[in-house]
Every structure is written in structure tokens, then in C-alpha cells.
There are 2 protein chains.
Amino acid sequence: MDIKVNLEGLPLTPEEIESTRGDAAKAMDQLWSGDVPMTGWVKAPMNQDQEMLERILNVADIIRDEAELLLVIGIGGSYMGAKAAIEALPRFEQGTEVRFLGINFCNEYYREILEEVKRKNTIVCAISKSGNTMEIRAALEIIKPVMEEKYGSREEAAKRIIAVTDETSGSLRAEADEMGYVTFPIQGDIGGRFSVLTPVGLLPMAAAGIDIREVLRGAEAVATSPLWDTTAADYAIARYLMNVEKGKAVEAVAFSHSRLAYFGEWLKQLFGESEGKEGKGLWPASLQYSTDLHSMGQFLQQGSPVFFETVVTVEKTDQDIVVPAGPQKGMTLGQLNDAMVRGVIKAHMDGGVPVCEIRIPELNAYTFGQMIYFMEMTCGITAMMLGVNPFDQPGVEDYKREMRKNCGLEG
Amino acid sequence: MDIKVNLEGLPLTPEEIESTRGDAAKAMDQLWSGDVPMTGWVKAPMNQDQEMLERILNVADIIRDEAELLLVIGIGGSYMGAKAAIEALPRFEQGTEVRFLGINFCNEYYREILEEVKRKNTIVCAISKSGNTMEIRAALEIIKPVMEEKYGSREEAAKRIIAVTDETSGSLRAEADEMGYVTFPIQGDIGGRFSVLTPVGLLPMAAAGIDIREVLRGAEAVATSPLWDTTAADYAIARYLMNVEKGKAVEAVAFSHSRLAYFGEWLKQLFGESEGKEGKGLWPASLQYSTDLHSMGQFLQQGSPVFFETVVTVEKTDQDIVVPAGPQKGMTLGQLNDAMVRGVIKAHMDGGVPVCEIRIPELNAYTFGQMIYFMEMTCGITAMMLGVNPFDQPGVEDYKREMRKNCGLEG
């Protein structure tokens with residue numbers, strides 16, 4: 001477990017932190033107990049289904065051999081983790097390009113993707129527990145005739161559609177069984193936003209050429225680390241106290257590595273959807289340094305003090321590009337990046353901005369797996385300390401119901 | 001002027017709104033007076049320099065003819081507007097691909113861009129008032145030897161470098177004069193985040209194949225519209241009241257059109273950097289619907305009520321893709337998108353979320369120009385109502401100073 005958390009830049013006394021350790025420990029005990037519904041992800045790194053993993057790797061090999069494009073049809077937790085991994089991690093040369101459909105109802109976006117499907121050898125991977133989500137259903141119904149046209153028949157198209165879905169129920173399961181799609185199960189005890197280390201995230205990641213065994217090894221290293229409890233609890237406690245005791249409305253998580261931008265989007269879902277209920281929760285925001293210092297930097301330094309900042313830094317980065325002339329002559333980009341991030345943290349702390357720092361030694365599949373599990377556990381602890389259920393999302397049905405009505409479907 | 005603002009979903013009485021109209025009108029008078037420094041953008045749409053515009057169009061023609069890649073070196077206001085336009089708008093087939101450097105110190109990001117420069121016919125466009133910004137200077141010093149290597153000599157490389165910079169002073173101006181770069185001026189009375197309708201934004205947009213005359217015509221239509229004052233003031237007043245009177249900490253601007261995602265980033269800079277000072281301002285957030293309803297939807301519906309929502313909808317979208325089967329059979333994606341966004345607004349309002357709606361008739365160069373000017377004017381009014389100077393950014397020097405120290409340069 002290589003993730004470090006530094007709370008020294010937060011206006012929290014050791015007594016304040018100690019006073020909440022009991023609650024954090026209790027939350028962690030509950031998460032580990034197996035008694036809380038939807039906590040299958042907690043012990044998953046230690047209980048990996050090797051047969052399933054082999055099957056994922058085999059199917060991913062076939063995708064990489066046969067397809068130029070893997071079109072993932074998924075929304076929310078069904079695609080954000082895979083997208084975050086694919087943007088963050090180096091890949092084998094031969095990785096298949098992965099694109100995402102079903103993430104909107106945008107005609108122009110669809111048109112581009114459909115053109116690409118016509119040009120490229122394509123495999124479709126639909127990821128949805130039920131298959132009934134409006135975005136997913138529309139994407140599937142639109143893509144199927146395109147695949148049939150391209151590959152000559154319904155049967156040939158069906159050979160190129162994979163379904164990651166509920167093991168027994170739902171419209172996507174029924175369709176997959178009828179058409180003979182290759183399928184992978186969505187476990188009943190792991191919710192969408194906690195599912196990136198299941199087939200939901202692992203299959204697209206492997207197809208893209210990411211070493212998913214390393215990702216899983218990273219998650220396992222965190223879950224089995226003796227230092228683990230303290231580190232995760234530290235960050236969870238800090239988030240809880242900055243929100244409830246210090247009245248901060250927003251957590252701005254800033255990444256010093258440009259490849260982590262979409263990890264920030266994944267994190268916003270994880271934190272926002274787990275904690276944002278019963279009128280509670282920190283508004284999750286994400287920033288990329290240094291670019292956002294030239295857009296949000298003024299607000300961060302002197303704007304309304306409604307937020308605290310969590311800076312995620314990567315200690316070791318590639319150093320092969322050197323500035324050959326000018327005032328920064330001889331410095332590598334990595335050194336400049338370090339100078340930037342240390343400068344920001346100092347300027348913000350001097351300006352009275354509360355800063356929490358999370359350090360990871362370098363960015364690779366192993367540390368990425370660590371970050372996923374670390375953030376999931378932090379999220380579970382903070383939500384439980386806030387007194388909300390981290391694993392439900394009772395509010396997301398409301399717009400869906402209104403939308404169905406607007407479409408003339410049942411409410 | 002085709003932009004409409006609907007405040008009915010906000011908990012503001014007509015009396016509250018009326019009571020602030022005087023302050024909004026006063027702010028607008030100041031903006032139009034010409035007496036406030038850095039308000040050159042206000043009258044720019046009516047006072048277009050036709051000769052400059054012709055020169056931009058000519059240089060853009062040359063870029064499109066000769067270069068596969070236009071590498072823009074810029075950060076903050078020097079690139080965000082152009083990037084927003086290029087992602088939002090349809091282009092001529094022959095538009096040159098535009099990529100951005102100098103937006104970070106990320107070795108991996110640079111490596112990709114440098115590989116691309118080696119493969120593709122490239123023109124570089126450096127955009128910086130001074131040329132001293134650390135990110136920009138590093139990018140320039142790194143790219144110059146690559147261009148010299150590729151094109152055989154310093155002189156040949158210099159023919160392929162354009163500088164958009166101060167007319168007389170700064171290191172980039174000095175370099176441009178010495179090396180004979182093609183140059184365009186950065187006006188002294190227009191700040192970076194208000195500069196998208198100057199050569200800063202217009203040159204990359206034109207090179208990418210965007211009809212910049214239409215963009216400017218849109219801005220002019222807003223600036224000269226008799227209805228303009230009320231509409232802009234409405235939105236500015238709403239933002240002011242929701243922040244100061246209703247205590248909201250966050251404005252979440254949600255876009256129903258996926259092509260407007262980066263416009264949201266541009267807007268965050270505009271609002272955040274203009275208003276976020278003296279401990280004031282709304283934390284600017286942006287969302288994309290429907291994808292973010294599956295990540296932030298739970299928080300929006302039931303989370304901490306620290307925010308209000310501004311939904312930007314596009315009334316007319318392309319309708320050529322139809323769902324051919326399933327429960328949504330026969331509906332176009334455009335219809336589904338409308339059903340989604342109407343559903344969200346209703347669900348959020350029913351759930352007690354304050355919702356402001358901004359409607360634009362369709363997304364094209366003309367309405368994009370309208371949106372730019374509309375948002376700039378709104379921003380100026382709100383900031384002045386808050387009692388801060390919309391046009392300075394005193395806090396952004398702090399991290400730069402600390403970073404220079406960390407690099408062993410003068411503080």
C-alpha cells in the first residue's frame with residue numbers, strides 16, 4: 001500500500017481527528033462485516049474468481065485480435081471506471097480502441113460513432129444490469145441494425161455483441177440468452193459505481209491493453225495492507241470534519257497529472273452519488289493542474305471560502321523531456337511539474353486554503369488499482385460517518401420517471 | 001438576439017428581482033461607459049477591425065492549405081475559448097486539426113504531441129501577452145528545436161510560427177520581431193478570459209474551419225439587441241440573488257448538448273476568475289446531461305442544498321437518427337433528449353432544486369457568438385453587483401511566484 005495522506009494543511013487539531021476515529025473504525029467494521037448490503041466489493045480483491053478472470057482475458061485477447069473498435073454501451077458506473085483507467089494508463093501497442101455509446105441522446109455524437117462503426121471492425125459490449133435504462137436501450141436498438149447491415153445477418157452481428165448484465169433477470173439478459181451473446185455477470189452485491197474491478201470495468205480495460213492483473217494486485221495490496229485502515233480513515237475523517245464541523249460545501253480534488261482527469265470524473269460519481277442524499281454531502285469538484293490554475297486559480301486563492309482542496313500528486317513521472325533553452329533551461333517537465341505543485345500547495349496554504357494532500361509514488365496499473373480501492377473505502381467510511389447509506393441512490397429514479405412520461409411510456 | 005432566460009424555477013419573488021434592477025442597470029452603464037479599464041470587449045462587436053479580420057482569414061486559409069496540424073501554445077484564456085468553439089461547432093471538411101500545448105507540464109502529454117508534430121505538417125501558434133508564463137515558455141523552448149529539426153533550419157521553422165502577443169512589449173514580442181514570425185496583436189484593453197472574439201480565439205477557430213464572421217455576427221446581434229439588457233440582467237440578477245440572498249455556494253451549469261462540454265470549462269474560467277475574489281463568488285461547476293445524471297444525479301436530486309442549477313438547452317437539434325425498435329421505437333434522439341431535459345427540470349423543481357433555464361434556438365456559429373457575448377456581459381454585471389472588479393486576477397500570481405522560487409528563479 002503506497003498511498004500517503006497528509007492532513008497537515010487542514011485546520012484540524014489532533015484532538016478533533018482522534019475524537020472521530022471511533023466512528024471511522026465502526027464504519028470500517030460494518031463495511032468489512034459482510035452484513036451491509038452491496039458491500040461485495042470490500043472483499044472482492046481477496047476472493048478473485050480466477051476462472052472468470054481467465055475468461056475476461058481470453059475474450060479481451062479475441063477483441064484485440066479481431067476488432068479495431070470496441071464500442072462499450074454503458075452509462076454512469078457502467079463506463080466511467082473503464083474510461084478513467086484507459087485514459088490514465090499506458091497500454092500495449094495492440095490495444096483495441098474503446099469508445100462509449102449510450103452516454104447521451106446526442107444525434108451528432110451518435111453520427112460520428114456510427115460512421116466509425118461502418119469503417120472499422122467493431123465489437124459491441126453492452127453493460128447494464130437491467131438493460132432497461134433509456135440511454136442504453138436506445139443505443140442498443142440503434143446499433144443492432146448497423147451491425148447486422150455490416151456483418152450480413154442477425155446471427156453474425158450477435159457473434160460480435162457481448163453483454164455484461166444480471167445473471168438471470170432483465171431485458172438485456174433475456175436478449176443475450178435468446179441471441180447467444182457472450183455474457184459476463186454483474187454481481188448482485190456490487191453497485192455500479194463500485195464495479196470497476198468487476199467484469200464491468202475489467203473487460204474494456206483488458207481489451208484496451210491494460211494489465212488488469214496488476215490493477216487487481218494493487219487493489220489487493222491496499223485491502224490487505226496493515227497500514228491501510230489508518231490511511232483510508234485519515235482521508236475519510238478529514239472529509240467528514242471539513243464538511244460537518246468546518247462547514248465546507250465543496251471538495252475540490254486537484255490532479256497534478258493530466259492523465260488523471262477522467263479519474264476525477266469517476267471520483268465525482270463515487271463520492272457524489274454515495275454521499276449526496278438526505279440533504280447531505282460535499283459537492284464534488286475536480287481540477288487539473290496546471291491548466292486549471294489559469295482558470296480556477298483566482299477563485300481558489302481568493303474566492304469564497306466554501307471549499308477545501310485535495311491535491312493528488314504523483315511522485316515519480318517520466319523525465320525524458322528537458323527544456324533546452326530559456327529561463328528553465330535544463331529542467332525536465334517532471335521537475336517543473338513538481339515545482340508547480342509544491343508552489344501551488346504553498347501558495348494556497350499561505351492564502352488560508354485548507355489543503356489535503358494524497359501522494360501516489362507513480363502512475364501505473366498497480367497504483368491505479370490501489371487508488372480505486374482506496375477511494376471506494378474512503379467513500380464508504382465518510383458516507384457512513386455522515387449517517388447515509390453509501391450504496392443506494394433513491395433520487396436517480398425521479399428524472400427517469402418524468403422522462404418516461406414525456407416519452408408516453410408508463411411512469 | 002435569440003437567447004432566452006427563464007427564472008420561474010428559482011425561489012425569487014418579482015419584488016426581489018425588481019429591487020436589484022437598479023444595481024444591474026448601473027453595472028451595465030459602467031460596462032458600456034468606456035470608463036472601466038479592460039472593457040474593450042464590450043463595444044468590440046460593433047467596432048470590428050475589418051482589415052484585421054481579413055488578415056486572420058487569409059492566414060487561416062494558408063494554415064488550412066499547408067498544415068495538417070495547428071499547434072496552439074496557450075493556457076487559460078489563451079486557449080479555452082477556441083477549444084470550446086472547436087468542440088461545439090460544425091466545421092468545413094478541410095479544417096486543420098487544432099491541438100493545444102503549454103496547458104500543463106506533463107511529460108506523457110508532450111511526448112504524444114511531439115510524435116504528432118514529427119508525423120504531420122505543422123504550424124505553431126503561440127498565444128501569450130507576455131510570453132513569460134512558465135507553461136508557455138517551456139512549450140515554446142521545447143517545440144522550437146523540434147520544428148527546426150523537421151524543417152531544416154531556424155529560418156524555415158520561424159516561417160511556421162505565428163505569435164499572438166502584445167503589440168510592443170514582452171519576450172514573445174521581442175522574439176517574434178527578431179525571428180520574423182507572423183504576428184497578431186493582443187489588445188491592451190481586453191483580458192485573457194474575455195478575448196475569444198479577438199485574434200486570440202478567432203485565428204485558431206478560423207484555421208479549424210469555423211465561420212468566424214458568423215460568430216462575430218452573433219456577438220453583434222446580442223450587443224445591439226433592444227431586448228438584450230433585460231435578458232442579460234435577468235440572469236446576472238438571478239446569479240447574484242441566489243448567491244448573496246439565498247446563500248447558495250455553487251452554480252451548476254448543465255448542458256443538454258454534448259458538444260457544449262468544453263464551453264462549460266470556458267464558462268468556469270469566465271465566472272470563477274472574474275467573481276472569485278475578496279472571499280466572494282459562486283463556485284462554478286459544469287455538468288453534461290444526460291451522462292452526469294448517472295453520476296451527479298443523486299446529489300442534484302437529494303444532496304446538500306448548497307447549489308442552484310442553470311440548465312442550458314438547445315431547442316432544435318439534428319433529428320436524423322431514429323430508434324428503430326424497443327419501447328422508444330420511432331422516436332428520434334432529439335426527441336428523447338428533449339424528453340430527458342424536460343424530465344430533469346421537472347424532477348429537480350419538484351424536488352426543491354432551484355432551476356434557471358437558458359434556451360438557445362440551435363447550436364451554430366451565430367448562436368455560439370451570441371452565447372459568448374451574453375455570458376461575458378452577465379459575468380461583468382454579476383461581478384459588479386458583488387462589488388468586485390470583474391477584470392483583474394490578483395490571486396493568480398501567488399502560485400507563480402512560489403513556483404519560480406522552486407525553480408531557482410527570481411521570486
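As the structure is a computational prediction, the values presented were derived from the model and not from experiment. (Residues numbered from 1 in each chain as written. Chains lettered and ligands numbered in written order. Predicted model: local features only at pLDDT ≥ 70, side-chain atom pairs only at ≥ 80, totals over all residues. Heavy atoms only, no water.)

## What about the interface of chain A and chain B?
Across the contact, 96 residues belong to chain A and 97 residues belong to chain B. Carbon and sulfur atoms make up 63% of the area that chain A and chain B hide from each other, which totals about 7900 Å². Per-residue buried area on chain A facing chain B is highest for Trp-283, His-294 and Gln-298 of chain A; these three make up 11% of the total on that side. Summed over the shared surface of chain A and chain B, the number is 8 salt bridges. The element contributing the most residues to the side of chain A that touches chain B is helix α14 (residues 333-350) of chain A, with 11 residues. Classifying every residue of the side of chain A that touches chain B gives 46 nonpolar, 30 polar and 20 charged. (Contact = heavy atoms within 4.5 Å. Buried area = accessible area lost by both parts, 1.4 Å probe. Salt bridge = Lys/Arg side-chain N within 4 Å of Asp/Glu carboxyl O. Helix = DSSP H or I, 4+ residues; strand = E, 2+ residues; numbered from the N terminus. Nonpolar A, V, L, I, M, F, W, Y, C, P; charged D, E, K, R; others polar.)

## Description of the domain arrangement of chain A
Residues and elements named next belong to chain A. Examined at the domain level, chain A breaks down into domain 1 (4-34 + 224-389) and domain 2 (46-213). Just the C-alpha atoms count here: the centres of domain 1 and domain 2 sit 31 Å apart. In this assembly, 20 residues from domain 1 lie in contact with 17 residues from domain 2. Taking both partners together, domain 1 and domain 2 bury about 1800 Å²; carbon and sulfur atoms supply 67% of that area. When the area that domain 1 buries against domain 2 is broken down by residue, the three leading residues are Arg-259, Tyr-262 and Phe-368, summing to 35%. Scanning the region where domain 1 abuts domain 2 turns up 1 salt bridge. Between Arg-193 and Glu-273 there is a salt bridge, with the nearest N and O atoms lying 3.1 Å from each other. Where domain 1 touches domain 2, the interface holds 5 residue pairs in polar contact (both at pLDDT 80 or more). At the level of elements, α12 (261-275) and α15 (365-386) are the ones that each hand at least two residues to the side of domain 1 that touches domain 2. Looking at the side of domain 1 that touches domain 2, the element that brings in the most residues is α12, giving 8 residues. Residues of the side of domain 1 that touches domain 2, tallied by class, amount to 11 nonpolar, 4 polar and 5 charged. (Domains from an automatic or database assignment. Polar contact = N/O pair within 3.5 Å; in protein donor to acceptor, adjacent residues only side chain to side chain.)

## Section: empty space enclosed by the protein
Scanning all chains against the criterion turns up 8 cavities of 30 Å³ or more. In this model, the largest cavity occupies a volume close to 100 Å³. As for the largest cavity, its lining consists of 14 residues, and the residues nearest its centre are Lys-268 and Ala-285 of chain A together with Lys-268, Ala-285 and Ser-286 of chain B. At the level of secondary structure, the elements contributing two or more residues to the lining of the largest cavity comprise β8 (283-288) of chain A together with β8 (283-288) of chain B. Per-class residue counts for the lining of the largest cavity are 10 nonpolar, 2 polar and 2 charged. (1 Å grid on protein atoms, 1.4 Å probe; cavity = no way out; pocket = protein on both sides within 12 Å on 5 of 7 lines; lining within 4 Å. Points joined across faces, edges and corners; volume = space filled by probe spheres on them.)

## Concerning the packing of helix α4 (residues 80-88) of chain A against α12 of chain A
Between two packed helices, the angle of one axis relative to the other and the distance separating the axes together describe the packing. Residue and element names in this part refer to chain A. Where α4 contacts α12, the two axes come as close as 8 Å, and the packing angle between them is 155 degrees. By the angle between their directions, the pair α4 and α12 is classed as roughly antiparallel. Taken as a pair, α4 and α12 cross one another with a handedness that is left-handed. On the side of α4, the interface is formed by Met-80, Gly-81, Lys-83, Ala-84 and Glu-87, while α12 contributes Tyr-262, Phe-263, Glu-265, Trp-266 and Gln-269. Among the residues forming the contact of α4 with α12, the class breakdown is 5 nonpolar, 2 polar and 3 charged. (Axes fitted to C-alpha atoms, helices over the stretch in contact; angles between N-to-C directions. Parallel < 35°, antiparallel > 145°, perpendicular 65-115°, else oblique. Left-handed = near helix turned anticlockwise from the far one by under 90°.)

## Comments concerning helix α1 (residues 14-33) of chain B
Residue and element names in this part refer to chain B. For α1, which comprises 20 residues, the first-to-last C-alpha distance of 28 Å matches the rise-based estimate of 28 Å (1.5 Å per residue) to within 8%. The sharpest bend along α1 comes to roughly 35 degrees, located at Arg-21. Along α1, the positions that sit buried rather than exposed are Ile-17, Thr-20, Ala-24, Ala-27, Met-28 and Leu-31. Gly-34 occupies a position one or two residues after α1 and carries a positive phi of about 85 degrees. (Expected span 1.5 Å × (residues − 1). Bend = angle between axes of the 7 residues up to and from the residue. Buried < 20%, exposed > 50% of the residue type's maximum accessible area, 1.4 Å probe, protein only.)

## Side note on the nonpolar core
Within the largest apolar cluster, 323 residues are counted, with the highest numbers of intra-cluster contacts made by Trp-283 and Met-375 of chain A together with Trp-283 and Met-375 of chain B. Trp-283 of chain A has contacts with Ala-249, Val-250 and Glu-251 of chain A together with Val-250, Ala-252, Ala-285, Met-296, Phe-299, Leu-300, Val-306 and Phe-307 of chain B, leaving out every residue within four places of it along the chain. (Core = buried A, V, L, I, M, F, W, Y, C linked by side-chain atoms within 4.5 Å.)

## Description of the relation of the copies chain A and chain B
For these two chain copies, the linking operation is a rotation about an axis paired with a shift along it. With an RMSD of 0.0 Å, chain A superimposes on chain B once it is rotated by 180 degrees and translated 0.0 Å along the axis. On the angle and the small slide along the axis, the relation comes out as a two-fold axis. (Least-squares fit on C-alpha atoms with pLDDT ≥ 70 in both.)

## Side note on the pairing of strand β9 (residues 307-316) of chain B
Residue and element names in this part refer to chain B. Within β9, 8 of the 10 residues are buried, leaving the element largely enclosed by the surrounding structure. Judged from the 6 bridges that link them, strand β7 (residues 250-255) and β9 form a sheet pairing that is parallel. Paired with Val-253 across the strands is Thr-310, a residue of β9. Examined bridge by bridge, β9 and strand β10 (residues 355-362) share 7 bridges and lie parallel to one another. Looking at the pairing, Thr-313 lines up with Arg-359 of β10. Note that the unit made of β9, helix α14 (residues 333-350) and β10 has a crossover that is right-handed. (Pairing = 2+ DSSP bridges. Right-handed = clockwise from strand over helix to strand, strands pointing away.)

## Comments concerning the side chain of Lys-144 of chain B
Residues and elements named next belong to chain B. By secondary structure assignment, the location of Lys-144 is in helix α6 (residues 134-151). A polar contact is formed between the side chain of Lys-144 and the side chain of Glu-175, at a distance of 3.1 Å. Here Lys-144 is in contact with Arg-137, Ile-161, Glu-175 and Tyr-181, once residues within four sequence places are set aside.

## A word on unusual backbone geometry
Of note, the amide linkage connecting Tyr-289 of chain A to Ser-290 of chain A takes the cis form, showing an omega dihedral of 10 degrees. You can see Ser-290 of chain A is positioned in the loop between β8 and α13 (297-302). With a phi angle near 55 degrees, Glu-278 of chain B is a residue other than glycine that sits in the positive phi range. Note on placement: Glu-278 of chain B falls in the loop between α12 (261-275) and β8.

## So, the packing of aromatic side chains
How two aromatic rings sit relative to each other is set out by the distance from centre to centre and by the angle between their planes. In this structure the tally under the stated criterion is 28 aromatic pairs over all chains. Residues Trp-41 of chain A and Tyr-373 of chain A carry aromatic rings whose centres are separated by 5.9 Å and whose planes lie at 65 degrees to one another, so their mutual orientation is edge-to-face. Of the two residues, Trp-41 of chain A sits in helix α2 (residues 40-43) while Tyr-373 of chain A sits in helix α15, which places them 332 residues apart along the sequence. Both rings, one in Trp-41 of chain B and one in Phe-391 of chain B, keep their centres 6.2 Å apart while their planes meet at 55 degrees; by these two values the pair is tilted. (Phe/Tyr/Trp six-rings, centres within 6.5 Å; stacked < 30°, edge-to-face > 60°.)

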